Amino acid sequence: MIFLTALPLFWIMISASRGGHWGAWMPSSISAFEGTCVSIPCRFDFPDELRPAVVHGVWYFNSPYPKNYPPVVFKSRTQVVHESFQGRSRLLGDLGLRNCTLLLSNVSPELGGKYYFRGDLGGYNQYTFSEHSVLDIINTPNIVVPPEVVAGTEVEVSCMVPDNCPELRPELIWLGHEGLGEPAVLGRLREDEGTWVQVSLLHFVPTREANGHRLGCQASFPNTTLQFEGYASLDVKYPPVIVEMNSSVEAIEGSHVSLLCGADSNPPPLLTWMRDGTVLREAVAESLLLELEEVTPAEDGVYACLAENAYGQDNRTVGLSVMYAPWKPTVNGTVVAVEGETVSILCSTQSNPDPILTIFKEKQILATVIYESELQLELPAVSPEDDGEYWCVAENQYGQRATAFNLSVEFAPVLLLESHCAAARDTVQCLCVVKSNPEPSVAFELPSRNVTVNESEREFVYSERSGLVLTSILTLRGQAQAPPRVICTARNLYGAKSLELPFQGAHRLMWAKIGPVGAVVAFAILIAIVCYITQTRRKKNVTESPSFSAGDNPPVLFSSDFRISGAPEKYESKEVSTLDSH
């Protein structure tokens, strides 16, 4: 908007040009409301040497050349005008004073156009000036809004209407300004080219809610029914505000997830979906959808939506929780321990939601936690009974996984009560039953004969291990009436234990109850009996047969020349051997 306090430019030009040149000065454009009037200010000049007695003038419409017969708006000589201008045009200026100001009344749209003035000084001294004024017939006030209106920053909006009708003065009021601000009327102001405008100002601080608001200005003329309204929509620029977004999202592993972010801003924002600083998707839009196909636990986390434009930014986050079954538990801890030590075993897994974790052994629950990802099992002062296989099981509503692990408890040998010797006729069998970890070495000592036999001498000793229990069998053949003393010694890196094996009668063959070894023992006894009968018969047929003195070692019988059913090939039968005391 232009505020003028100086004289209009064309008046200054006229004063400077006096000296005798043909010239005219008028506003290049002027406007008026339909039904009102308009005064087109005009000044002209001519050479001083002409000195006419009377000065006449003519106003033409839309053409400066008389030969084209343009409509005559006003003619001082004859007062003959075009029918469109009859009773609607008159000269306000004094041509003798070189003032050619024209007044048009009750203007209508067909009067809009170009107006030319022609000076007539008589004879050939006539001149049509190329300068002209364009009349614009309007029906709405002009609302001037700054090119940029920013929320939170004070703005000035003006309503301007032409005030070039000396007979009618416009009055202005604002429409739809409630809540924006109070108007201030500046009044009548002159523009650069000598035209006049009526101006009213409205100052206010816009908000984002004012964007698109329809602001109006009404011009009315007192004592008439003339009333004109104009409107302008406010284009308020403001930074983004995220107005639409998912709340926290829960999804089952493998399902489809859609995350929506919508923002309000002017101009539209650049929307960006991010996770851990990585841009996943972006676009200039009011809303942006992020599609996640077949989500995995790796996509669990916090997603951020960033909205930004030239006036600011906003961001919000949403948590995605991917629900899934437990992973296979991992076991970190002691798997080998010495008897008496404290054992700590940690079982952990990962799932969503957190699982129920359970550690059990042989269907007996040893420890359990609910909705935790780790379970600690403490076994103070472990004993051989703690040795064995354990299971860690993790489960939630989406599935179950389990991991097996073994705890090995190492301890010194323990000779069990099943250890004994039993005699049947001239055969003696001794069982040494040992529980230990690691596996012990077993030796049989016959003190009376100064003989020690260990399990490595497989011709004399048969051993079998089941779990932590080792059973070694020593078979002796001799005088059952005087069975020898037998001491069993078991040894490993944690210690040694010895036991003189008690004897049981022939009618109590307890070794038959030792399970898989029993079959071997039974066959060995049967073979020993057969061999005994065979040898007795041979003695009767030999004239001089050898005999054992009381101090000799009795023969030790292990097997005959056939394979024992159910025993490994490496335990094939051998000939009868005698253990010498020396």
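Residues numbered from 1 in each chain as written. Predicted model: local features only at pLDDT ≥ 70, side-chain atom pairs only at ≥ 80, totals over all residues. Heavy atoms only, no water.

## A look at the packing of aromatic side chains
- One pass over the full model with this rule turns up 17 aromatic pairs.
- Ring centres of Phe44 and Phe129 lie 6.4 Å apart, and the angle between their planes is 50°; on these two criteria the pair is classed as tilted. Linking Phe44 in strand 4 (residues 43–45) with Phe129 in strand 10 (residues 126–138), this pair joins segments that are 85 residues apart in sequence. This pair shows no difference in class: Phe44 is buried, exactly as Phe129 is.
- Relative to Trp327, the ring of Tyr324 lies with its centre 6.0 Å away and its plane at 40°, an arrangement referred to as tilted.
- Judged by its relative accessible area of 43%, Trp327 is partly exposed.
- The rings of Trp22, Phe44, Phe46, Trp59, Phe117, Tyr127 and Phe129 are connected pair by pair, giving a single aromatic cluster.
- Residue placement shows Arg98 over the ring face of Phe46; its charged tip is 4.1 Å from the ring centre.
- The ring of Tyr231 has Arg214 sitting right over it, with the charged end atom 3.9 Å from the ring centre. (Phe/Tyr/Trp six-rings, centres within 6.5 Å; stacked < 30°, edge-to-face > 60°. Helix = DSSP H or I, 4+ residues; strand = E, 2+ residues; numbered from the N terminus. Buried < 20%, exposed > 50% of the residue type's maximum accessible area, 1.4 Å probe, protein only. Lys NZ or Arg CZ within 6 Å of the ring centre and 35° of its normal.)

## Regarding the sheet that holds strand 23 (residues 278–284)
- Strand order across the open sheet formed by 5 strands is 20-26-25-22-23, with mixed pairing between neighbours. This sheet does not close on itself; its edge strands, each paired only once, are strand 20 (249–252) and strand 23. Mean inter-strand twist for the sheet, computed between neighbouring axes without regard to direction, equals 25°.
- Alignment of strand 22 (residues 270–275) against strand 23, held across 6 bridges, turns out to be antiparallel. (Pairing = 2+ DSSP bridges. Axes fitted to C-alpha atoms, helices over the stretch in contact; angles between N-to-C directions.)

## Concerning empty space enclosed by the protein
- Following the criterion strictly, the structure yields 2 cavities of 30 Å³ or more and no others.
- Taken as a whole, the largest cavity spans an internal volume of roughly 70 Å³.
- Taken together, Ser31, Ala32, Phe33, Thr36, Cys37, Pro162, Asp163, Asn164, Cys165, Leu168, Pro170 and Phe221 make up the lining of the largest cavity.
- The dominant element in the lining of the largest cavity, judged by the number of residues it contributes, is strand 2 (residues 29–33), at 3 residues. (1 Å grid on protein atoms, 1.4 Å probe; cavity = no way out; pocket = protein on both sides within 12 Å on 5 of 7 lines; lining within 4 Å. Points joined across faces, edges and corners; volume = space filled by probe spheres on them.)

## Considering the pattern of salt bridges
- Going through the model one piece at a time under the given rule, you end up with 10 salt bridges.
- A salt bridge links Asp48 to Arg98, with the nearest nitrogen and oxygen atoms 3.5 Å apart. Separated by 50 residues along the polypeptide, Asp48 in the loop between strand 4 and strand 5 (56–61) and Arg98 in the loop between strand 7 (89–91) and strand 8 (102–104) bring together distant segments of the chain.
- Judged by relative accessible area, Asp48 falls into the partly exposed class, the value being 37%.
- Owing to a relative accessible area of 14%, Arg98 belongs among the buried residues under this scheme.
- Note that Asp235 is salt-bridged to Lys237, the shortest N-O span being 3.0 Å. (Salt bridge = Lys/Arg side-chain N within 4 Å of Asp/Glu carboxyl O.)

## Brief notes about the state of the cysteines
- All told, the structure shown has 7 disulfides when counted by the stated rule.
- Between Cys159 and Cys217 runs a disulfide, and the two sulfur atoms are separated by 1.8 Å. Taking the torsion about the sulfur-sulfur bond, which here is approximately -85°, the covalent link between Cys159 and Cys217 counts as left-handed. With Cys159 in strand 13 (residues 155–162) and Cys217 in strand 17 (residues 214–220), this pair connects stretches of sequence that are 58 residues apart. Cys217 matches Cys159 in its accessibility class, with the two residues each being buried. (Disulfide = S-S within 2.5 Å.)

## Looking at the environment of Ser130
- With respect to the secondary-structure elements, Ser130 resides in strand 10.
- Under the relative-accessibility criterion, Ser130 is labelled exposed at 56%.
- Taking C-alpha positions, Ser130 is 9.1 Å from Arg118, a pair spaced 12 residues apart along the chain.

## Details of the pairing of strand 13
- Counting buried positions along strand 13 gives 7 out of 8 residues, so the element sits mostly inside the fold.
- Judged from the 3 bridges that link them, strand 11 (residues 142–144) and strand 13 form a sheet pairing that is antiparallel. Following the sheet pairing, Asn142 is matched in strand 13 by Met160.
- Where strand 13 meets strand 16 (residues 196–204), 8 bridges bridge the pair, whose relative direction is antiparallel. If you follow Pro162 over to strand 16, its bridge partner there is Val197.

## Comments concerning unusual backbone geometry
- Here the amide bond leading from Asn266 into Pro267 is cis, since omega sits at 5°, within 30 degrees of zero.
- Checked against the element boundaries, Pro267 lands in the loop between strand 21 (257–266) and strand 22.
- With an omega dihedral of 0°, the bond running from Asn352 to Pro353 counts as a cis peptide bond.
- Considering the arrangement of structural elements, one finds Pro353 in the loop between strand 29 (343–348) and strand 30 (356–361).
- A positive phi angle, close to 55°, is found at Asp276, a residue other than glycine.
- For Asp276, the position within the fold is in the loop between strand 22 and strand 23.

## Observations concerning the confidence of the model for the chain
- The predicted model of the chain has a mean per-residue pLDDT of 83, with 82% of residues at 70 or higher.
- At the low end of the mean pLDDT range in the chain sits strand 45 (residues 577–578), at 31; at the high end sits strand 25 (residues 301–309), at 97.
- Throughout residues 536–582 the model reports pLDDT below 50, and contacts reaching past four residues in sequence, or to other chains, amount to 74 contacts. (pLDDT = per-residue confidence, 0-100. Contact = heavy atoms within 4.5 Å.)

## Some details on the sheet that holds strand 10
- If you walk across this open sheet you meet the 5 strands as 2-10-9-5-6, and the pairing is mixed. Since the sheet does not close on itself, it has two edges, and those belong to strand 2 and strand 6 (72–75), each with one partner. The average angle at which neighbouring strand axes cross in this sheet is 25°, direction not considered.
- The sheet contact formed by strand 2 and strand 10 spans 5 bridges and is parallel. Looking at strand 10, one finds that Ala32 is bridged to Ile137.

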